[in-house]
Amino acid sequence: MRIFLDTANIDEIREVARWGILSGVTTNPTLMSKNSGMTHEAVIRTIAEIVDGPISAETVSLDTAGMVDEGRRFAKWHPNVVVKVPSTPNGWGAVKALKAEGVRTNVTLCFSANQALFAALAGAYIISPFVGRLDDISEDGMQVVRDTVEIYRKHNLPTLVLAASIRHPVHIIEAAKAGADIATVPYDVLLKSTKHPLTDKGIENFLKDWQTFTTDQSEKPVKR
Ligand code: E4P
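Residues numbered from 1 in each chain as written. Predicted model: local features only at pLDDT ≥ 70, side-chain atom pairs only at ≥ 80, totals over all residues. Heavy atoms only, no water.

*Asks:* Whenever I open this one, the site of the ligand confuses me. Can you help?
*Replies:* Surrounding the ligand, one finds Asp6, Thr26, Asn28, Lys84, Phe130, Arg133, Ala164, Ser165, Arg167 and Thr184. One of the side-chain nitrogen or oxygen atoms of Asp6 is found 2.6 Å away from an oxygen atom of the ligand. With respect to the ligand, the side chain of Arg133 contributes an N or O atom lying 2.7 Å from an oxygen atom. Across the complex, the protein chains shield 86% of the 340 Å² of accessible surface that the ligand would expose by itself. A molecule is said to occupy a pocket when more than half its atoms come within 2 Å of that pocket's grid points, and by this definition the ligand occupies the largest pocket. When its residues are assigned to classes, the shell around the ligand shows 2 nonpolar, 4 polar and 4 charged. (Near = heavy atom within 4 Å. Polar contact = N/O pair within 3.5 Å; in protein donor to acceptor, adjacent residues only side chain to side chain. Areas by Shrake-Rupley, 256 points an atom, 1.4 Å probe, with all protein chains shown as cover. 1 Å grid on protein atoms, 1.4 Å probe; cavity = no way out; pocket = protein on both sides within 12 Å on 5 of 7 lines; lining within 4 Å. Sits in = over half its atoms within 2 Å of the grid points. Nonpolar A, V, L, I, M, F, W, Y, C, P; charged D, E, K, R; others polar.)

*Asks:* Explain the sheet that holds strand E7 (residues 160-163) here, please?
*Replies:* Whenever strands of a sheet pair, they do so through backbone hydrogen bonds, lying parallel or antiparallel. Read around the barrel, 8 strands follow the order E1-E2-E3-E4-E5-E6-E7-E8 and close on themselves; strand pairing throughout is parallel. The average angle at which neighbouring strand axes cross in this sheet is 25°, direction not considered. Note: strand E3 (residues 55-58) against strand E4 (residues 81-86), 4 bridges, orientation parallel. Bridge pairing in E4 places Ile55 opposite Val81. Together, strand E2 (22-26), E3 and E4 form the strand contacts of helix H3 (residues 40-50), whose direction differs from that of E3 by roughly 170°. Against the sheet, helix H5 (residues 89-100) engages E4 and strand E5 (105-110), with an angle of about 155° to E4. (Pairing = 2+ DSSP bridges. Helix = DSSP H or I, 4+ residues; strand = E, 2+ residues; numbered from the N terminus. Axes fitted to C-alpha atoms, helices over the stretch in contact; angles between N-to-C directions. Contact = heavy atoms within 4.5 Å.)

*Asks:* Please clarify how the environment of Ala75 should be interpreted in this entry.
*Replies:* Within the secondary structure, Ala75 is located in helix H4 (residues 64-75). For Ala75, a relative accessible area of 26% gives the class partly exposed. Through-space distance from the C-alpha of Ala75 to that of Ala124 is 15 Å; in sequence the pair is 49 residues apart. Non-local contacts of Ala75, meaning those with residues more than four positions away in its chain, are made with Val81 and Val103. (Buried < 20%, exposed > 50% of the residue type's maximum accessible area, 1.4 Å probe, protein only.)

*Asks:* Got a minute to help me understand the layout of surface pockets in this structure?
*Replies:* Over the atoms rolls a probe the size of a water molecule, and in doing so it shows where empty space is left. Here the largest pocket is characterised by a volume of approximately 280 Å³. As for the largest pocket, its lining consists of 17 residues, of which Asp6, Asn28, Leu31, Arg133 and Ser165 are closest to the centre. Of the residues that constitute the lining of the largest pocket, the class distribution is 5 nonpolar, 7 polar and 5 charged. (Points joined across faces, edges and corners; volume = space filled by probe spheres on them.)

Spelled out as structure tokens, the structure:
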């Protein structure tokens, strides 16, 4: 399973790109609105300079023609741009039209395996089931990921399953176990997932023991 960063914050992307584990980025209008002072195009182009992988840019039109127009415009910004459209009949129509022009799509705001099936049938490159938002209303968000993976594998549908709306470190593990191709993770969740107190303690102890060892050695008489 690949890890994408769910952010439009350039500093966060630069930091995680440094770790060697980052394969792509997802943005949405909410994340974009936190990035003051830069245009949509400038943010996406800057991300593309940092990360060599799919970068999702979201449309805001409600009709198919509008989504297709936006998608065509976004796709000119960089070859790695993937156009995000919502899980609606108009969104699936845009997926089909954009695919015919060679533009890849990420179908977002997916909350059911039926929506995921329809996105794949329309030719989506990525489907994004939202785990956390379903958990928030007392449903099992990860079950949609599991069902989608099972349906796609059973019917040889090539659409990639991207677990979205990830809220805590265990979601990443569960998405990987469910067979998701990608998890898109907010920076704070990713940071929490890197840490283990035993790793920090282990490093501290090794450094202490190494200092004792080298101090002992320096006190031994040098043989000539
Ligand atoms: C990803 O593509 C989505 O935009 C994102 O994961 C939504 O997450 P949220 O439910 O935390 O807003």
